[in-house]
Amino acid sequence: MKLLRMTILAGGFFILAWGLGFAFQLPLATATWPWPDGRLSYLFIGSILAAVSAAMLWVGWTGAWGALPAGSLNVLVISLLAGGYFTYLLINGRAELLTFVVVSLLVVLASAGAFFWSRRFSLPDERPTPKLVIVSFWIFTAALVLTGGALLLRLPVFPWTVNPDSSVIFGSIFLGDAFYFIYGLWKPRWQNALGQLLSFLAYDLVLIFPFIQLFGTVKPELLLNLTVYVAVLLYSGAVAIYFLFMHRPTRIFG
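Rules behind the numbers
Residues numbered from 1 in each chain as written. Predicted model: local features only at pLDDT ≥ 70, side-chain atom pairs only at ≥ 80, totals over all residues. Heavy atoms only, no water. Helix = DSSP H or I, 4+ residues; strand = E, 2+ residues; numbered from the N terminus. Buried < 20%, exposed > 50% of the residue type's maximum accessible area, 1.4 Å probe, protein only. Contact = heavy atoms within 4.5 Å. Areas by Shrake-Rupley, 256 points an atom, 1.4 Å probe, with all protein chains shown as cover. Expected span 1.5 Å × (residues − 1). Arc of directions from axis to C-beta.

**Looking at the overall build of the protein**
Across its full length, the protein holds nine helices and zero strands. Taken across its 254 residues, the protein has 51% of its residues classed as buried. Pairs at least 24 residues apart make up 75% of the contacts formed inside the protein by residues separated by at least 6 positions. A total accessible area of about 12600 Å² is found for the protein, and carbon and sulfur atoms account for 75% of it.

This is the structure in structure tokens:
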């Protein structure tokens, strides 16, 4: 298991560096996106990768294998939906996306394997999830499903104009994230909530300050979108900070 922990930790640091590359629009990172995109879309991708890295680093550091099914299910749903869209585009003449189809298939196989393998492990901490966290997870799940569905339909729900193809991939990500929280609701134990809160906090930290600055330049018709988005970031960040660092029964530093 030591080798596995080291592998997950290394993967977490790699994904964190990859995410920072997107956040700062470094060509080495943005070149891995299937098509050219805008600054805020790259920032969003960076925030998602930061969220993934936070969960991986926590699991790798603690060896909490019982928490892996939730994250594996998240990645599985994302790769299935995104891979399906890449395949659709490939069939319709976008030959340059063959690599993304193959990578998506490999990720589907790997995440499915990780999901079924890790389900045999029990959680190291069987404390129940606090009630406010459960309520928050229901709110997050509903928001992710509604927003993810709208993005799949290419509706303007983000506070910036999104590339139509990216909109479908972002919708896939949100729907996959919804399953991350659904798993935590299905098995409401603190160890099935801690990773989600760490991920959400990393996501929040990447986005919150650039989005607050966006109030000065956002298009008037997208102001409501930005206001709602920032409100969700502030609420989720507050919940994560309180239960991870302040609430005595659940704080991660004792």
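Having seen it, we continue.
**Points about helix 5 (residues 98-118)**
Helix length check: helix 5, at 21 residues, gives a terminal C-alpha distance of 30 Å against a target of 30 Å (1.5 Å per residue), a fit within 8%. Those residues of helix 5 not exposed but buried are Val101, Ser104, Val108, Ser111, Ala112, Phe115 and Ser118. An end-on view of helix 5 places all buried positions within 145 degrees of arc, on one side of the element. Along helix 5, exposed side chains directed more than 90 degrees from the buried face belong to Thr99, Leu106 and Leu109. For helix 5, the secondary structure elements touched by its buried residues are helix 4 (68-91) and helix 7 (164-186).

**So, unusual backbone geometry**
A positive phi angle is found at Gln25, which is not glycine, with a value near 55 degrees. Mapping Gln25 onto the fold places it in the loop between helix 1 (2-23) and helix 2 (27-30). You can call Gln25 partly exposed: its relative accessible area is 36%. One non-glycine residue, Arg154, lies in positive phi territory at about 65 degrees. Along the chain, the position of Arg154 falls in the loop between helix 6 (131-152) and helix 7. Classification of Arg154 by relative accessible area gives partly exposed; the value is 44%.

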